[in-house]
Amino acid sequence: MTRVSRRGRVTIVVLAVVFLLFTLFDRVVGAWADYLWFSEVKYTGVFSTVLTTRLWMFLIFGAAVGLVIAGNLYLAYRTRPLLRPHSAEQHALDRYRLFLLPHMTIWIVAVAGLIGLFSGLSAQGHWQEWLLFSNSTPFGQTDAQFKVDLSFYVFEYPFWRYLLGVAFTAVVFSLLGALALHYLFGGVRLQGAGERMTTAARAHLTALVATFVLLKAAAYYLDRRGLLLDKFPTQDLYGAGYTNVNALLPAKEILAWISIVVAIAILVFSNAFMRNLVWPGLALGLLALSAVAVGGIYPAAVQSFTVKPSQLQKEAEYFQRSIDATRLAYGLNTVQVKPYASRAEKPPTNLPSVDETVTNIRLLDPTVIGETYTQQQQVRGFYEFNPKLDIDRYTIGGKTQDYVVGVREINYASLQQNNWQNRHSVYTHGYGFVAAPANQVVCNGQPFYVSGFLTEQTKPVGDQGQQCASQTDLIPVSQPRIYYGEQMGDVYAITGRAGSGGGGAEFDRPTANAGDQYSSYEGSGGVAVGSYWRRLLYAAYFRETNFLLSGVFNDNSKVLYVRDPEDRVRKIAPFLTLDSDPYPAVVDGKIQWIVDGYTTSATYPYSQRLDWNTAIQDSSTNSRMFPEPRQDVSYLRNSVKATVDAYTGEVTLYAFDESDPILKAWNKAFGNKLVKPRSAISASLQDHLRYPEDQFKVQRDLLSRFHVTTPNGFFSGQDFWEVPKNPANPTADQPPYYIVAKLPNQEKSRFQLTTALAPRSRGNLAALMSASYVDGKPVFEILELPPDTAVQGPAQMHSTMTGIAEARREITQFSSNNSEVIYGNLLTLPVADGMLYVEPIYLRTKSDKTFPTLQKVLVAYGPNYKAYANTLADGLAELVKQATGQAPVPGTGDNTDPGTPPGGNPTGSPQVQEAINAMNKAIADLKAAQVAGDFEAYGRALKALQDAIGRYEAASKAATPAPSTSASPGAQPSASTSANPSASVTPAPSG
């Protein structure tokens, strides 16, 4: 083999250096920019802790794996036989030996270094596991099987697993490398007479095999604890069941001892006695056979022949363990379950003012009216509100109520001149905190804005001078400029530049008379980029040469980046799982983004494991082009409340659940300086904290099953619930909704998050769930309806209310008259020992630059009383009139006489009467199937109804041949009866 020339070696070295420079350059630039950013937000301790931890793990694990492999390769080389037998096999290997021998040390270092490099890169990604392991904090609770503190499973078990994986990797690569070198240098032979393996090679390789088997013994021992994280074979529960405890657990112990014996046998029989591989091979075969028989066949037999025939009796204890652990891990153990009879079927006469729940009914749907805010409050086309607005409560004039709130941000995609200077140095911020009472609409269905006005032009005025907005700003803000918000994305802002007239150079806002106003940023946020070297750094960081060429920079320039509130909190506390819906609030006159942070774990023993991203999905969740990676969770605490100042970008983390061991461990890892104590939360901030939506969705998903607390009930599954589908979007779950209400058994009204639940595979109502803060502490309540009632659920009531004849007729007209009908959130409210339903209807013209306005309201009380009205007040008054007999019940009392065809001429035809009777029976069957949730029966009843309507129309034509009195398929009897299963063709008594 020819040696590489000196010029060739120099070329290789140069190329390697260039490769390293290009590879490391981005990392160095990124690390420098990150350090400056962390310095800005005053969290350099996080940066340094994470960076040093990752570096040490890279070096330690990379060096450890590299040294183990290098040592074994060197040992294999040093123990090579000095004299190799002459054979064709050895002759064929000569050319490889000649290639390696001159630089054997370099080759060993290169191979070991490469494997060590990848091991180090892998290890630095496990920095969170190491920090938790090294800062483990006791839970003060033990698991049900081994009586070990839960901190072992949450903090220590994942890291021990990783260590075992690294050890296996090092041993396997060492074994493969040593075997290759022993074969290459004649220590192991496949051909020729005599021993196939030298004594040194046998001792070396069998020692590595024995080490592998000993590691397998350690893995079996650790697997014993891991059984508490397994899934039950036949139930959707997690933890060690009967088979795991009584079969797999002893099997793991037996296999661990067998592994130790096998490891000893491999060493002894291979090197001390027989000096061959027959007995070690038999020992390994015994281990494999034992793993199959003891670890596989025996547990399967126990499961099939002992557990399955009497599963409940065998598994009851373990079901209970899983139920208790799940409720504790997700904070469900404090849920208060209270009965709610919902016996009242007639609304009270004082329904419009019966309690605070009714007077605070929310009409504005934050998922619908984001476009309304944008169209009415933007003035300029580049302003935009989040499509999904937020709900918060404010006390104005001594009255506390919920408001739909949002901040006016810049949509950079809508800039008419979207050049680099406009995008980054002129249009740098939004302006204004806009709010409207959630229970009030004015001026043909528009929100009544009370704050955040840009100019007088942003105060809508009605056609006849009606006041459509507050004349004064009722939620005053000392600094209305929005430099940090959800619409910023990855757009950075360059501030500090003076305008040509000496004033600011950043567009501030339009005014009514003085034209556009400009300003200059005076906040503490941002990183100084006045020097050439800083601009050079950020030119490389953002890959933008304008940092070096543009004239927008001066000595006072700053660059503001990472401007999304969620991204800022995640960068400072990467160990937190963040709520998907940060919301703005005015706290002490400043606009603050409030972000809920969760500490989670996937290794809480016996607790139910779920995918976080799947559990929080419903119709209000923004669809993603690419699905989020799976995030397994078996423990959840809302341990942190974070705030981000919309002007300065200042981030503050508050410990909300100070008892959480995971938060204690993380705070300890960062020097106990990362999170402020709960006592630091001001009273004004506490007034705007709300029960987080994602946590509520996860708990709702779990409580649909884990409200059942007995093994018998859980095994039967008869009392399981499910989240009902959203009536406005039947393909997705109905989202929970924030309301200010005083629910039964509550002393006063609260700002709370509520949802309805239905029995599994049925449509009626099973329970109402509510979560709120009382005196700063979370309170979770369930109003459970009796199982013998059939109160209609959201989807059923939506069908009933939209089936009102007038509603169906007008909704059909709206849809056909170039308008789009949008259903708002359907509220299910327990009122006066009954159930009140409210659903707003929005209309939007199918043309550009239009927005939804609330035009109609559907209301219902109990199974019989329902109304379709222009306003909520009119709808509630209509329900009272129906209950007192002053007005007919829609769909019943105002129907035509059964013997009168649509044309109004009595026929007396037997065919007509027979068709009417068939229609009545089909409608009754429809109602029964709807209440029972039997979709198959519902389909049969609907088909029967359609057939009966067809026979009715044919009989009517035969009895009344005049064309003017004939019924068409689109006539009202067909439309109203088919759409409204609760309607009846025969008259029903009103009231």
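Note that the coordinates shown come from a computational prediction; the quantities given were computed from them, not determined experimentally. (Residues numbered from 1 in each chain as written. Predicted model: local features only at pLDDT ≥ 70, side-chain atom pairs only at ≥ 80, totals over all residues. Heavy atoms only, no water.)

(A) A look at unusual backbone geometry. With a phi angle near 65°, lysine 42 is a residue other than glycine that sits in the positive phi range. Along the polypeptide, lysine 42 turns up in the loop between helix 1 (6-41) and helix 2 (44-78). The residue asparagine 672 is not glycine, and still its phi comes out positive at about 55°. Checked against the element boundaries, asparagine 672 lands in the loop between helix 18 (661-669) and helix 19 (683-686). By relative accessible area, which is 52% here, asparagine 672 ends up exposed. (Helix = DSSP H or I, 4+ residues; strand = E, 2+ residues; numbered from the N terminus. Buried < 20%, exposed > 50% of the residue type's maximum accessible area, 1.4 Å probe, protein only.)

(B) How the structure looks around the packing of helix 6 (residues 151-184) against helix 7 (residues 199-226). Their axes nearest at 10 Å, the elements helix 6 and helix 7 cross at an angle of 160°. Considering their axes alone, helix 6 and helix 7 lie roughly antiparallel with respect to each other. As helix 6 runs across helix 7, the sense of the crossing is left-handed. When its residues are assigned to classes, the contact of helix 6 with helix 7 shows 21 nonpolar, five polar and four charged. (Axes fitted to C-alpha atoms, helices over the stretch in contact; angles between N-to-C directions. Parallel < 35°, antiparallel > 145°, perpendicular 65-115°, else oblique. Left-handed = near helix turned anticlockwise from the far one by under 90°. Nonpolar A, V, L, I, M, F, W, Y, C, P; charged D, E, K, R; others polar.)

(C) Up close: a nonpolar patch on the surface. A contiguous nonpolar patch, built from Tyr532, Trp533, Leu536, Leu548 and Leu549 and spanning about 560 Å² of accessible area, is present on the exposed surface. For the nonpolar patch, the elements supplying multiple residues, two or more each, are helix 14 (532-541) and helix 15 (546-549). Among the elements that take part in the nonpolar patch, helix 14 stands out by supplying three residues, more than any other. Looking at the secondary structure, you find leucine 549 in helix 15. (Patch = residues over 30% accessible without salt bridge, like charges linked within 9 Å, V, L, I, M, F, W, Y side chains within 5 Å. Areas by Shrake-Rupley, 256 points an atom, 1.4 Å probe, with all protein chains shown as cover. Salt bridge = Lys/Arg side-chain N within 4 Å of Asp/Glu carboxyl O.)

(D) Seen up close, the packing of helix 10 (residues 311-329) against helix 20 (residues 693-706). Contact geometry for helix 10 and helix 20: axes closest at 11 Å, N-to-C directions at 155°. As the angle between them shows, helix 10 and helix 20 are arranged roughly antiparallel. Like other packed secondary-structure pairs, helix 10 and helix 20 cross with a definite hand, here left-handed. In this structure, helix 10 contributes Ser322, Ile323, Thr326 and Arg327 to the contact, and helix 20 contributes Leu702, Leu703 and Phe706. For the contact of helix 10 with helix 20, a count of residues per class yields four nonpolar, two polar and one charged. (Contact = heavy atoms within 4.5 Å.)

(E) Geometry of the pairing of strand 31 (residues 827-831). Extensive coverage of strand 31 is indicated by the burial of five of its five residues. Burial along strand 31 is two-sided: the face carrying Leu827, Leu829 and Val831 and the face carrying Thr828 and Pro830 are both buried. As defined by bridge partners, strand 31 adjoins strand 32 (residues 834-845) across five bridges and the pair is classed as antiparallel. The residue bridging leucine 827 from the neighbouring strand is valine 838, located in strand 32. Taken together, strand 31 and the strand that follows it, strand 32, pair antiparallel across an intervening segment of two residues, in which alanine 832 is found at a positive phi of about 50°. (Pairing = 2+ DSSP bridges.)

(F) Broad picture of the nonpolar core. Residues Tyr538, Leu653 and Phe670 are the most contacted members of the largest nonpolar core, which totals 222 residues. The next biggest cluster of nonpolar side chains, apart from the first, holds 23 residues, and it includes Leu765, Leu783, Leu826 and Ala860. (Core = buried A, V, L, I, M, F, W, Y, C linked by side-chain atoms within 4.5 Å.)

(G) The arrangement of the packing of aromatic side chains in detail. All told, the structure shown has 57 aromatic pairs when counted by the stated rule. Their ring planes at 40° and their centres at 5.3 Å tell us that tyrosine 427 and phenylalanine 507 sit as a pair that is tilted. In this pair, tyrosine 427 sits in the loop between helix 13 (420-426) and strand 6 (430-431) while phenylalanine 507 sits in strand 12 (residues 506-510), placing the two residues 80 residues apart along the sequence. Each member of the pair tyrosine 427 and phenylalanine 507 is classed as buried. One aromatic cluster is present, formed by Trp420, Tyr492, Tyr538, Tyr541, Phe542, Phe547, Phe553 and Tyr561 through successive ring pairs. Sitting over the ring of phenylalanine 656, lysine 641 keeps its end group 4.8 Å from the ring centre. Its guanidinium or amino end placed over the ring of phenylalanine 656, arginine 678 lies 4.2 Å from that ring's centre, counting from NZ or CZ. (Phe/Tyr/Trp six-rings, centres within 6.5 Å; stacked < 30°, edge-to-face > 60°. Lys NZ or Arg CZ within 6 Å of the ring centre and 35° of its normal.)

(H) Quick look at the sheet that holds strand 3 (residues 390-396). Strand order in the open sheet formed by three strands is 3-4-7, and the pairing between neighbours is antiparallel. Edge positions in the sheet fall to strand 3 and strand 7 (433-437), since each of these pairs with one other strand and no more. Strand-to-strand, the axes of this sheet are offset by a mean angle of 45°, without reference to chain direction. Strand direction decides the pairing type here: strand 3 and strand 4 (residues 399-407), joined by seven bridges, are antiparallel. Looking across to strand 4, one finds that isoleucine 391 is bridged to valine 404.

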